[in-house]
Amino acid sequence: MHISMNMVMILVSLLVIVPVILFVLAEKGGLSKKKKAFDAIAKANDVQFSSQEVWNNTCLGFQEEGNVLLYINTQNPEPIVQKIKLNEVKKCVINKFMKDYKNGDRHYSELARLDMEFSFLSNSNPVAITFYNAEDNFSQNQDVARAEKWLALIDKHKGAKPKNVAA
């Protein structure tokens, strides 16, 4: 009886642990496939990332040489690609769009969309990139902190002369 109880405990433990391990491995494999796809799009746009961040179906990368920011979103079959030259950026702001709800006497709001908007020195049309959209993503994953981190990098490099490396 003692041996069969140990076998049941081991079997139950394996039934819990093995699926968790499989999910973690599957997520890592999916992330590496996305990263390869993002790298291919970056290469097609003549961008070599100095730093990059991948989340959901989105990649945001910075190339120090040339002072370029590249945004890629593959949510739709046709990827959205925005190449932004930071030396042409006059201003960059984070726009939070909130959705208000009422539940009885309580009012509350939640983030509906989080964008970063770029204004340019040439007064061309502003460009917005989306960090979070409640219609596409069901959960927020540090999106506000991510946007603030990239805003700090952009503020540091906007309007600066691009760094060129001598060959």
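Residues numbered from 1 in each chain as written. Predicted model: local features only at pLDDT ≥ 70, side-chain atom pairs only at ≥ 80, totals over all residues. Heavy atoms only, no water.

Engineer: What should I look at first to understand the environment of tyrosine 108 in this one?
Structural biologist: Mapped onto the elements, tyrosine 108 comes out in strand β6 (residues 106–120). Tyrosine 108 gets classed as partly exposed once you look at its relative accessible area, which sits at 39%. Excluding its chain neighbours within four sequence positions, the residues that come into contact with tyrosine 108 are Lys99, Asp100, Tyr101 and Asn103. (Helix = DSSP H or I, 4+ residues; strand = E, 2+ residues; numbered from the N terminus. Buried < 20%, exposed > 50% of the residue type's maximum accessible area, 1.4 Å probe, protein only. Contact = heavy atoms within 4.5 Å.)

Engineer: Quick question: what am I supposed to make of the pattern of salt bridges here?
Structural biologist: As a working rule, side chains carrying opposite charge can pair if their charged atoms are close by. Tallied over the entire structure, the rule returns four salt bridges. Of the charged contacts, one joins lysine 149 and glutamate 53 as a salt bridge, the two residues approaching to 2.8 Å between their closest N and O atoms. Of this pair, lysine 149 sits in helix α2 (residues 143–157) while glutamate 53 sits in strand β1 (residues 51–55), and the two are 96 residues apart along the sequence. Judged by relative accessible area, which is 17%, glutamate 53 ranks as buried. Aspartate 143 serves as the salt-bridge partner of arginine 146, at 2.6 Å between the closest nitrogen and oxygen. Of this pair, arginine 146 and aspartate 143 both sit in helix α2, three residues apart, which is roughly one turn of that helix. Assessed through its relative accessible area of 9%, arginine 146 is described here as buried. (Salt bridge = Lys/Arg side-chain N within 4 Å of Asp/Glu carboxyl O.)

Read these as geometric descriptors, not functional statements.
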